[in-house]
Amino acid sequence: MNHEIIDSQQLAQRWNLTGTFEAIAKRFQRLRALPKSNPRHLKALRIGNQVRYRMADILEYEDRNVADKRRVLN
């Protein structure tokens, strides 16, 4: 399992998101605020006053949401 931890800017680069830091932070905050039962919920952890993401959680999120898109397309 990958124990790497990344911040919002690194996640935005991974997902090729553009925009201001504030806009990207709001986007991620909306995903984190979704109910945990929602497949679009983004897991995060707080280190001090900063939000970070475990790479394992990001990979799980990507797998879950790509699988959902495949079902819609088929």
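Just above sits the structure.
Residues numbered from 1 in each chain as written. Predicted model: local features only at pLDDT ≥ 70, side-chain atom pairs only at ≥ 80, totals over all residues. Heavy atoms only, no water.

Caption draft 1: View of the sheet that holds strand β2 (residues 45-47). One open sheet holds the 3 strands; their spatial order is β1-β3-β2, and the pairing between them is antiparallel. Single-partner strands in this sheet number two, and they are β1 (5-6) and β2. Inspection of the sheet shows β1 paired to strand β3 (residues 50-54) by 2 bridges, in the antiparallel sense. Looking at β3, one finds that Ile 6 is bridged to Tyr 53. (Pairing = 2+ DSSP bridges. Helix = DSSP H or I, 4+ residues; strand = E, 2+ residues; numbered from the N terminus.)

Caption draft 2: Region of interest: a positive patch on the surface. There is a patch of like positive charges on the surface, built from Lys 26, Arg 27, Arg 30 and Arg 40. Within the secondary structure, Arg 40 is located in the loop between α2 (21-33) and β2. The partly exposed category is assigned to Arg 40, whose relative accessible area is 38%. (Patch = residues over 30% accessible without salt bridge, like charges linked within 9 Å, V, L, I, M, F, W, Y side chains within 5 Å. Areas by Shrake-Rupley, 256 points an atom, 1.4 Å probe, with all protein chains shown as cover. Salt bridge = Lys/Arg side-chain N within 4 Å of Asp/Glu carboxyl O. Lys, Arg positive; Asp, Glu negative; His and termini not counted. Charge placed at Lys NZ, Arg CZ, Asp CG, Glu CD. Buried < 20%, exposed > 50% of the residue type's maximum accessible area, 1.4 Å probe, protein only.)

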